[in-house]
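Report on the structure
Here are the chains, one letter per residue:
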Amino acid sequence: MDNKQFLSLITRYLNEPFLEEFVEYYMAEGVDHIFVLYDVDSTIPINDNVKNNTNVSIIDSHNFKKKQQLDVNKVYSKIRKKFKWNILVDCDEFITSTDTHRTLRQELSVTYKNANCVKIPWVMMSSGGIEKDPDSILQNLTTRWNHDLKHPHPENWGKGRCRYSQIEVKCISKCDSFVSLGLHNPENPCLPVICIESIHNKPTNIGAFRSNFREKNIANATLLCYHYRIFSKESAQRKLLNNKLDGYKPNNLCKLLQSDHSDKEDMFMRNKSIAKFGHK
């Protein structure tokens, strides 16, 4: 008898004021349990609604690239035999089915039941130039990059690089198929695996990137990962002060804001959130 739970999620927390919205969203998508790697240097505490949620576990972690991946895999090694599927995303990344009548759980149960890994490209959302954190990132941020356009950074800054040729992905993977996780894709397959990309639902390589991601791909996708990297000028300042990863320095605010492109309106996640949860 298989008594595994269906879907776990591991996320990394550093000053994320919308963790409650994140938890609410993914629970509605069919996630059974969320494991939050809490950066001990965070200055924004996790609120009581999240702390008291019995389907959330909070684990102390540290804001260093190598340490983060070690911490992710410490959690993953403890849970991988207890769950069928796992999602690894940051708190500003929201994976969705483009069919508003289907949850992630339903897509994994039906569309991707024979896959070992699903590879899902970022859709780069924008703050729209607002100064302060909004009440809801899903409902208040409705502009994004146009992925048919090139976005060269004036200073060729790595964090704000153009993603016309290549964009990051996030993956959902079967726990019994991979021994460990990278921050964008699973690693060390323990059996022959099938990785499916979520645009045309065809086999692809396991890796951290997708090439030549365009607006027509967004229109035809089954799953997308909406990435809210910058959700206000205030959040950008906070990221540069507290994030110790390469490229995030306090004097890089102008560079970071120059990579926040509000090219076009995208109401999909706003409308989905309002339909599920009402106006926030």
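The preceding data block contains the structure.
In this text the structure is predicted, and so the values were computed from the model without any measurement.

Points about the overall build of the protein chain
Helix and strand content of the protein chain: nine helices and 14 strands. Here the protein chain has a C-alpha radius of gyration of 18 Å; the compact-globule value for 280 residues is 19 Å, and the two agree. Taken along the three principal axes of its C-alpha coordinates, the protein chain extends 55 × 40 × 40 Å. For the protein chain, buried positions account for 55% of its 280 residues. When contacts within the protein chain are restricted to residue pairs at least 6 apart in sequence, those whose partners lie at least 24 apart make up 73%. Just so you have it, the protein chain exposes about 12,700 Å², and 48% of that area is on carbon and sulfur atoms. Across the protein chain, the mean location of the 40 positive side-chain charges is 6 Å away from that of the 33 negative side-chain charges.

A look at the side chain of N185
Inspection of the secondary structure assignment puts N185 in the loop between β9 (178-181) and β10 (186-189). Reaching out from N185, the side chain makes a polar contact with the backbone nitrogen of A208 at a distance of 3.5 Å. With residues up to four places along the chain from it excluded, the contact list for N185 reads C171, I206, G207 and A208.

Description of unusual backbone geometry
For N15, which is not glycine, the phi torsion reads 55 degrees and is therefore positive. One can find N15 in the loop between β1 (5-13) and α1 (19-28). Residue N201 is not a glycine yet carries a positive backbone phi of 55 degrees. Along the chain, the position of N201 falls in the loop between β11 (195-197) and β12 (209-211).

Some details on the packing of α1 against helix α9 (residues 268-277)
Packing of α1 against α9 brings their axes to within 12 Å, and their N-to-C directions diverge by 80 degrees. Classed by the angle they form, the pair α1 and α9 counts as roughly perpendicular. Contacts between α1 and α9 involve E21, E24, Y25 and A28 from the former and M269, K272, S273, K276 and F277 from the latter. A breakdown of the residues in the contact of α1 with α9 according to their chemical character gives four nonpolar, one polar and four charged.

With respect to the packing of aromatic side chains
Applying the stated criterion across every chain, the model contains 10 aromatic pairs. Their ring planes at 80 degrees and their centres at 5.1 Å tell us that F18 and F231 sit as a pair that is edge-to-face. With a gap of 213 residues between them, F18 in the loop between β1 and α1 and F231 in the loop between β13 (223-227) and α7 (233-242) connect regions that are remote in the sequence. Between the aromatic rings of Y226 and F268, the centroid separation amounts to 6.3 Å while the plane-to-plane angle is 15 degrees, which identifies the pairing as stacked. Linking Y226 in strand β13 with F268 in helix α9, this pair joins segments that are 42 residues apart in sequence. An aromatic cluster of three or more residues is present, and its members are F22, Y25, Y26, F94 and Y228. Above the plane of the ring of Y164 lies R214, whose end atom (NZ or CZ) is 3.6 Å from the centre.

Here's the deal with the nonpolar core
Ranked by internal contacts, the top residues of the largest apolar core, which has 51 residues, are L19, F22, Y26, I87, F94, I95 and Y228. It is strand β6 (residues 117-126) that provides the largest number of residues to this core, a total of six residues. When near neighbours in sequence (up to four residues on either side) are disregarded, I95 contacts Y25, Y26, I87, V89, L104, I120, I172, L224 and C225. Core analysis: the next-biggest nonpolar cluster, separate from the first, contains 17 residues, V72, F83, F178 and L181 among them.

Each value, and the rule that gives it
- Residues numbered from 1 in each chain as written.
- Predicted model: local features only at pLDDT ≥ 70, side-chain atom pairs only at ≥ 80, totals over all residues.
- Heavy atoms only, no water.
- Helix = DSSP H or I, 4+ residues; strand = E, 2+ residues; numbered from the N terminus.
- Rg over C-alpha atoms; globule rule 2.2 N^0.38 Å.
- Buried < 20%, exposed > 50% of the residue type's maximum accessible area, 1.4 Å probe, protein only.
- Contact = heavy atoms within 4.5 Å.
- Areas by Shrake-Rupley, 256 points an atom, 1.4 Å probe, with all protein chains shown as cover.
- Lys, Arg positive; Asp, Glu negative; His and termini not counted.
- Charge placed at Lys NZ, Arg CZ, Asp CG, Glu CD.
- Polar contact = N/O pair within 3.5 Å; in protein donor to acceptor, adjacent residues only side chain to side chain.
- Axes fitted to C-alpha atoms, helices over the stretch in contact; angles between N-to-C directions.
- Parallel < 35°, antiparallel > 145°, perpendicular 65-115°, else oblique.
- Nonpolar A, V, L, I, M, F, W, Y, C, P; charged D, E, K, R; others polar.
- Phe/Tyr/Trp six-rings, centres within 6.5 Å; stacked < 30°, edge-to-face > 60°.
- Lys NZ or Arg CZ within 6 Å of the ring centre and 35° of its normal.
- Core = buried A, V, L, I, M, F, W, Y, C linked by side-chain atoms within 4.5 Å.

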